[in-house]
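An overview of the molecular structure
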Amino acid sequence: MTQAMATIVKPLPDHLFRVHGASAEMRWETMSGQGYHTPNDRFFVRNHTFTPLIDVTTWRLQVHGAGVRCPRAFGYDELRAMPSRTFDVAIECAGNGRRFYGTQQHDGAPGTQWGLGAIGVARWRGVPLRYLLQQAGVLPGAIDVLPTGLDAPFEDYGHVRRPLPIDKAMDDVLVAYEMNGTPLPPDHGFPVRLVVPGWVGIASIKWLGDIEVSTTELSSPWNTVFYANVTTQPVKSAFELPWNARLPVGKPHVLHGRSWSGRGRIVRVEVSFDGGISWRDAEHHGQHLVSAWLPWHIGWAPRRTGPGVLMARATDETGSTQPLITPRHPFGYHFDAVVQHPIHVVNG
Ligand SMILES: Nc1nc2c(c(=O)[nH]1)N[C@H]1C(S)=C(S)[C@@H](COP(=O)(O)O)O[C@H]1N2
Ligand SMILES: [Mo]
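Residues numbered from 1 in each chain as written. Chains lettered and ligands numbered in written order. Predicted model: local features only at pLDDT ≥ 70, side-chain atom pairs only at ≥ 80, totals over all residues. Heavy atoms only, no water.

You'll find the protein entered in an unreviewed UniProt entry as Sulfite oxidase, with Nonomuraea zeae given as the organism. UniProt, in its Cofactor (unreviewed entry) section for the protein, records the words "Mo-molybdopterin". (UniProt positions renumbered as here; feature names shortened; annotations may be inferred.)

Set out below in C-alpha cells:
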C-alpha cells in the first residue's frame with residue numbers, strides 16, 4: 001500500500017526553496033506579488049523520513065480505541081462525500097526561525113536551521129475531525145486522540161504520531177483532502193492530513209492512516225522527546241524580500257511582509273529602518289484570518305548607500321509583541337524575536 005519514493009516528490013528549484021536534508025524551506029521573496037495563500041509549488045515541506053506514495057483504492061482511515069463506541073474505517077470517496085468545511089490556515093514548524101538563535105543571539109540550537117520560511121497558509125478543505133469522531137460514537141469519557149502517519153517509521157521511534165486533547169480535536173481540527181483547490185499533493189499528506197489551526201506543525205499529521213481515541217492520557221515521542229510542551233505558535237514577522245536584498249538609493253520603495261500568531265489576530269505591525277531606534281506603523285491590507293497571517297506594507301526611500309537592516313515587529317490581539325531577544329530554548333523552538341533582515345542600499 002505504501003511505496004518508498006524520493007525524499008520530496010515536488011520540484012525544489014533553488015529560486016523557491018532552500019533544502020535542509022529531508023525538508024525544504026520556502027524563500028520568502030517568492031511570496032512577493034502572491035495573494036493571501038502560499039501556492040502549493042512553494043509551500044515548505046517538513047518530512048521526518050520521505051514522502052510515501054499511497055494508493056487510495058486500498059487506503060482506509062481507521063478510527064478506533066476505548067473512547068469510541070463503534071470503530072470505523074473510512075474510504076477516500078466516502079470522506080469526500082461527507083459534509084466539508086474550508087479553512088484558510090497556517091501550518092508552521094515549531095522550529096521556524098531556529099537559525100536566528102545562532103546568528104542573532106550567538107546561542108545556536110541543534111536541528112534544522114530554518115530561516116523564517118517554515119510556514120505557509122493554504123486553503124484547506126476536508127471533513128471536521130469532530131464529525132468523524134461522532135460517526136464513530138465518541139464517548140463522553142474520551143480524553144486524547146492519537147493520529148498516526150503512514151510514512152516510514154522515524155529512527156527507533158515508530159510512525160510519526162502525536163496525541164491531541166479531545167477538546168481541541170472536537171473544536172476546529174480538519175481532516176483535509178484538498179489544498180488550495182487541488183487534492184493534497186503527495187508531499188503535503190495525500191490522501192488526507194490533519195490541519196490543527198494555531199498549533200505547531202507537528203500536530204498536523206500527514207498521510208493519516210489511523211486515529212486512536214483513548215479514555216486515558218496518551219503519549220508519543222512527539223510530545224515527550226520532541227516538541228514537548230509546545231502547542232500554539234508565538235508572534236512572528238517576515239519581509240517578502242531576499243536575504244541581502246539590493247535596494248536602489250533615493251527611490252521610494254514599498255516593502256511588503258506578513259505577520260502571524262497562533263494565538264490570535266495581529267493588531268499592529270511596526271517597522272524599523274535604523275536598527276530599532278525608531279519604529280513606524282506598517283499599513284495592513286487585505287484580510288487577516290485567525291490562525292493565518294496579516295499581509296502589510298510600508299513605504300521607504302533609503303537616503304544612504306551601504307549595508308542596512310530591516311526589522312518588523314508585530315503585536316497580536318492577546319497583547320504579545322515580538323521581543324528583541326527570545327529566551328534560549330534547548331530545541332530551538334518558538335523563536336519569536338524581531339529578525340534582523342540584512343539589505344544593501346545601492347546606487348540605482
Ligand atoms: N506523518 C507525518 N506528519 C507530519 C510530519 C511527518 O514527518 N510525518 N511532519 C510534521 C511537521 S514537523 C510539520 S512542521 C508539518 C509540515 O507540513 P508540510 O510538510 O505540509 O509543510 O507536518 C507535520 N506532519
Ligand atoms: Mo515541524
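**Here we look at the site of ligand 1**
Surveying the vicinity of ligand 1 reveals 20 residues, the closest of which are Phe44, Asp151, His188, Arg193 and Lys206. Aspartate 151 places a polar side-chain atom, nitrogen or oxygen, 2.6 Å from a nitrogen atom of ligand 1. Take serine 204: an N or O atom from its main chain is 3.1 Å from a nitrogen atom of ligand 1. The fraction of the free accessible surface of ligand 1 (540 Å²) that becomes covered by protein chains is 100%. Per-class residue counts for the shell around ligand 1 are 10 nonpolar, six polar and four charged. (Near = heavy atom within 4 Å. Polar contact = N/O pair within 3.5 Å; in protein donor to acceptor, adjacent residues only side chain to side chain. Areas by Shrake-Rupley, 256 points an atom, 1.4 Å probe, with all protein chains shown as cover. Nonpolar A, V, L, I, M, F, W, Y, C, P; charged D, E, K, R; others polar.)

**Quick look at the sheet that holds strand S15 (residues 236-239)**
Strand pairing in a sheet relies on backbone hydrogen bonds, with the paired strands running either antiparallel or parallel. What the four strands build is an open sheet, ordered S15-S17-S21-S20; its pairing is antiparallel. At either end of the open sheet lies a strand with only one pairing partner, and these are S15 and strand S20 (283-284). Examined bridge by bridge, strand S17 (residues 253-260) and strand S21 (residues 293-300) share eight bridges and lie antiparallel to one another. Note that in S21 the partner of histidine 253 across the bridge is tryptophan 300. (Pairing = 2+ DSSP bridges. Helix = DSSP H or I, 4+ residues; strand = E, 2+ residues; numbered from the N terminus.)

**Some details on the environment of proline 83**
Of note, proline 83 is situated in the loop between helix H1 (76-80) and strand S7 (85-92). When the C-alpha positions of proline 83 and histidine 297 are compared, they lie 38 Å apart, and in sequence the two are 214 residues distant. If we skip the residues at most four places from it in the chain, proline 83 touches Gly126, Val127, Pro128 and Tyr131. (Contact = heavy atoms within 4.5 Å.)

**A look at the UniProt feature "domain: Oxidoreductase molybdopterin-binding" (unreviewed entry) in the protein**
Listed under "domain: Oxidoreductase molybdopterin-binding" (unreviewed entry) in the UniProt record, and renumbered for this structure, are residues 49-222. With 13% helix and 30% strand, the stretch residues 49-222 has end C-alpha atoms that lie 14 Å from each other.

**As for the sheet that holds strand S23 (residues 341-346)**
Spatially, the five strands line up as an open sheet ordered S16-S23-S22-S18-S19, and their pairing is mixed. The open sheet has two edge strands with one neighbour each: strand S16 (245-248) and strand S19 (280-281). In terms of strand pairing, strand S18 (residues 266-272) meets strand S22 (residues 306-316) through six bridges, oriented antiparallel. Considered in S22, the bridge of valine 271 is made with alanine 312.

**A look at the pattern of salt bridges**
The final tally for this structure, using the stated rule, is 14 salt bridges. Here lysine 236 and glutamate 92 are joined by a salt bridge, their closest N and O atoms 2.8 Å apart. Here the residue lysine 236 occupies a position in strand S15, and glutamate 92 occupies one in strand S7, the gap between them amounting to 144 residues. Just as lysine 236 is buried, glutamate 92 falls in that class too. Linking aspartate 172 and lysine 168 is a salt bridge whose minimum nitrogen-to-oxygen distance equals 3.0 Å. Counted as one network, the salt bridges with shared partners bring together Arg268, Glu270, Asp281 and Arg313. (Salt bridge = Lys/Arg side-chain N within 4 Å of Asp/Glu carboxyl O. Buried < 20%, exposed > 50% of the residue type's maximum accessible area, 1.4 Å probe, protein only.)

**Some thoughts on the domain arrangement of the protein**
Once the domains are mapped, the protein shows domain 1 (2-214) and domain 2 (236-346). Computed from C-alpha atoms alone, the centre-to-centre distance between domain 1 and domain 2 is 27 Å. With 33 residues of domain 1 in contact, the opposing surface of domain 2 contributes 35 residues. Roughly 2,700 Å² is buried in total at the junction of domain 1 and domain 2, and carbon and sulfur atoms are behind 57% of that figure. Sorting the residues of domain 1 by area buried against domain 2 places Trp28, Tyr36 and Tyr101 first, and these three jointly supply 27% of that buried surface. Taken together, the links from domain 1 to domain 2 amount to two salt bridges. With a shortest N-O distance of 2.9 Å, aspartate 107 and arginine 328 are connected by a salt bridge. Here domain 1 and domain 2 share 16 residue pairs in polar contact (both at pLDDT 80 or more) between them. Among the elements of the structure, S7, helix H2 (99-103) and strand S8 (119-128) are those that each provide at least two residues to the side of domain 1 that touches domain 2. (Domains from an automatic or database assignment. Buried area = accessible area lost by both parts, 1.4 Å probe.)

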